[in-house]
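Given next are the chains, with one letter for each unit.
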Amino acid sequence: MNAQSATARAERIKPAHIGDHLREWRQRRHLSQLDLAGDAEISARHLSFVETGRASPSRDMVLKLAERLEVPLRERNVLLVAAGYAPAFPQRSLDDPALKSARAAIDLVLKAHEPNPALAYDRHWNLVSANRMVMPLLEGIPARLLGQPFNILRLAFHPEGLAARTVNLAEWCSHLLERLHRQCEATADPELMKLYHELKAYPIPARSAPLPADNVAIPFKMRFGSDVLSFISTTMIFGTPVDITLSELALETFFPADDLTAERMRTMQPN
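Residues numbered from 1 in each chain as written. Predicted model: local features only at pLDDT ≥ 70, side-chain atom pairs only at ≥ 80, totals over all residues. Heavy atoms only, no water.

(A) Focus on the pairing of strand S1 (residues 118–121). Every second residue of S1 is oriented toward a common face, with Ala118 and Ala120 on one face and Leu119 and Tyr121 on the other, all of them buried. Sheet topology places S1 next to strand S5 (residues 250–256); four bridges connect them, and they run antiparallel. Its bridge partner being in S5, Ala118 is matched across the sheet by Thr253. Pairing of S1 with strand S2 (residues 127–130) involves three bridges; the strand directions are antiparallel. Looking at S2, one finds that Tyr121 is bridged to Leu127. (Buried < 20%, exposed > 50% of the residue type's maximum accessible area, 1.4 Å probe, protein only. Helix = DSSP H or I, 4+ residues; strand = E, 2+ residues; numbered from the N terminus. Pairing = 2+ DSSP bridges.)

(B) Examining the nonpolar core more closely. Counting 39 residues, the largest nonpolar core has Leu138, Leu155, Phe157, Leu180 and Leu199 as the members making the most contacts within it. Among the elements of the structure, S1, helix H8 (152–157), helix H9 (169–187), helix H10 (190–200), strand S3 (220–224), strand S4 (227–237) and S5 are those that each provide at least two residues to this core. Among the elements that line this core, the one with the most residues is H9, at seven residues. When sequence neighbours within four positions are dropped, the list of residues in contact with Phe157 reads Ala163, Cys173, Leu176, Leu177, Leu199, Tyr202 and Ile204. Counting residues in hydrophobic clusters, the runner-up holds 18 residues, among them Ala40, Leu47, Phe49 and Leu80. (Core = buried A, V, L, I, M, F, W, Y, C linked by side-chain atoms within 4.5 Å. Contact = heavy atoms within 4.5 Å.)

(C) Structural context of empty space enclosed by the protein. Overall, the coordinates contain one cavity of 30 Å³ or more when judged by the stated rule. Contributing to the lining of the largest cavity are 22 residues, with Leu119, Ile152, Leu162, Phe220 and Phe254 lying nearest its centre. Within the residue set of the lining of the largest cavity, elements represented by two or more residues are S1, H8, H9, S3 and S5. Examining the composition of the lining of the largest cavity, we find that four residues originate from one element, H8, more than from any other. Here the residues of the lining of the largest cavity are counted per class, giving 20 nonpolar, no polar and two charged. (1 Å grid on protein atoms, 1.4 Å probe; cavity = no way out; pocket = protein on both sides within 12 Å on 5 of 7 lines; lining within 4 Å. Points joined across faces, edges and corners; volume = space filled by probe spheres on them. Nonpolar A, V, L, I, M, F, W, Y, C, P; charged D, E, K, R; others polar.)

(D) Representation of the side chain of His158. Relative to the assigned elements, His158 resides in the loop between H8 and H9. Non-local contacts of His158, meaning those with residues more than four positions away in its chain, are made with Arg144, Leu145, Ala163, Ala164 and Tyr202.

(E) Structural detail: the packing of aromatic side chains. The final tally for this structure, using the stated rule, is three aromatic pairs. Measuring from ring centre to ring centre gives 5.2 Å for Trp172 and Phe220, while their planes differ by 35°; the resulting arrangement is tilted. Of this pair, Trp172 sits in helix H9 while Phe220 sits in strand S3; the two residues are 48 residues apart in sequence, bridging distant segments of the chain. Here Phe231 and Phe254 contribute two aromatic rings whose centre-to-centre distance is 6.3 Å and whose plane-to-plane angle is 85°, an arrangement assigned as edge-to-face. Within this pair, whereas Phe231 is found in strand S4, its partner Phe254 is found in strand S5, the two being separated by 23 residues in sequence. One residue, Arg28, lies across the ring of Trp25, its end atom 4.4 Å from the ring centre. The positively charged end of Arg54 is found above the aromatic ring belonging to Phe49, 4.1 Å away from the centroid. (Phe/Tyr/Trp six-rings, centres within 6.5 Å; stacked < 30°, edge-to-face > 60°. Lys NZ or Arg CZ within 6 Å of the ring centre and 35° of its normal.)

(F) Local environment of the environment of Trp172. For Trp172, a relative accessible area of 6% puts it in the buried group. For the pair Trp172 and Val242, spaced 70 residues apart in sequence, the C-alpha to C-alpha distance is 32 Å. Apart from residues lying up to four places away in sequence, Trp172 is in contact with Thr166, Ile218, Pro219, Phe220, Ser233 and Phe254.

Shown next, in the form of structure tokens:
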């Protein structure tokens, strides 16, 4: 399923019955009833009855099927409610006392990564937090692009944002679009699909040639003054979240891809 067809599906009237929800997620994962039933250790006949409304699944069965289908926690609550059960997964603010240890872990990772840039963002790629090395790299970008919500992908593609400074714009933005497309496929989130089509409309050139054979990752190369800074990035997520906010949070850390970048970042580090 491409992002355009996924968008069309998401914009239809949402199914209200648990069976309709399960069928949509099963088809999104390209699984037959037999495949899903085998994974969930139930009979294909019983799964068929659940999907058609002839049988009502237990709460445990809903959660088991959702796990096998890799349904995001936010949507697992939707499944539970559609089946007549209370939501199982809370969604708290990062300022909530229950998430104090998680917030401390985020702050620790961001701080420890200095003098290199690192940031945390939510499911829609809106900035949640960043270390002190991020904003100096954005100096000169119009304030309206850095306001709330500060969308990282929109900033990367906007001609008045980082697009004008990105040396390998075609390769970097193609990489970001591919990541976003996979996220749309996995979550069926209408806001992400809307963002995907918005970004595709920006005048980003197509890749002109394959990556060099000696590349180990697609770097992010940006002009900074008279220099070209080059970074490779890693993405971290919480491993076993049962809170929706944590399950949708990602931390992106950037590492110097060459000696020049490493030296420039060391000299830029605030005291």
